[in-house]
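Fold and contact review
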Amino acid sequence: MSRRDLKAILIIGAGIGVLIQPILANNFPNLHVDLSFRFGIFIFFLALAPFALWIAQIFSRWWKGIYQFSQFAAVGTLNSFIDVGVFNLETFFYGSSFIGTGLFALFKGISFLFATTNSFVWNKYWTFSARQKTNAGELGGFYGIAALGWVLNVGVATFVKTLGPAGAAHDARLWTNIVAPLAGIAASFVWNFIGYKYFVFKKSATA
């Protein structure tokens, strides 16, 4: 693992450790979360991220592509926490997780935009190490792939949300704030990797 990769994965681990805090606070208000517990979660993800990439590096001796896929998965995990974290901030400031389908889709679209912008920066300069200057074609291609990913992400998340319990109960809040958004993220994950690797950043990915 290069020094550059180590720095990058530590930043990702730290970001996840920070972003999980509002998710826990918004969905588990009765959970006793003191500072030592919060710090422990932060340290856990800070250590887990480089360890997972190190394991991927070992397996890359047999399958070269697994290291790059693991980089993409690490960025995807950060994106997921940005997506779910921003969504939870939206429902927190809105005052309730009991929201209609239309407002849910709007909130989910906004959080997805934040995650997608983060995805472009990390995947271009770290996962696929694209050296060329960002141009309109590359940016348009990225957001074209992302737009289809958005349809999968928001569409599946909104559909799953309609299947969950209604009302303001704890189960309904968890379904709205965590289960449904994660279902959308899972639906778009593989599509995004294929699209970014073989269409958007193909020159760098195949170099």
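Below, the structure is looked at part by part. (Residues numbered from 1 in each chain as written. Predicted model: local features only at pLDDT ≥ 70, side-chain atom pairs only at ≥ 80, totals over all residues. Heavy atoms only, no water.)

What follows is about the overall build of the chain. Along its length, the chain carries 7 helices and 0 strands. The secondary structure elements of the chain, listed N-terminal to C-terminal, are α-α-α-α-α-α-α. Every one of the 207 residues in the chain was classed for burial, and the buried ones make up 46%. The contacts in the chain between residues at least 6 apart in sequence include a share of 76% that link residues at least 24 apart. Split by element, the accessible area of the chain, about 10,800 Å² in all, is 73% carbon and sulfur. (Helix = DSSP H or I, 4+ residues; strand = E, 2+ residues; numbered from the N terminus. Buried < 20%, exposed > 50% of the residue type's maximum accessible area, 1.4 Å probe, protein only. Contact = heavy atoms within 4.5 Å. Areas by Shrake-Rupley, 256 points an atom, 1.4 Å probe, with all protein chains shown as cover.)

Taken together, the side chains of Met1, Leu6, Leu10, Phe44, Leu48, Phe51 and Trp54 present a nonpolar region at the surface, about 630 Å² in accessible area. Sorting the residues of the nonpolar patch by element identifies α1 (3-27) and α2 (35-59) as the ones contributing at least two each. Residue contributions to the nonpolar patch peak at 4 residues, all from α2. By the element assignment, leucine 10 lies in helix α1. Judged by relative accessible area, which is 32%, leucine 10 ranks as partly exposed. (Patch = residues over 30% accessible without salt bridge, like charges linked within 9 Å, V, L, I, M, F, W, Y side chains within 5 Å. Salt bridge = Lys/Arg side-chain N within 4 Å of Asp/Glu carboxyl O.)

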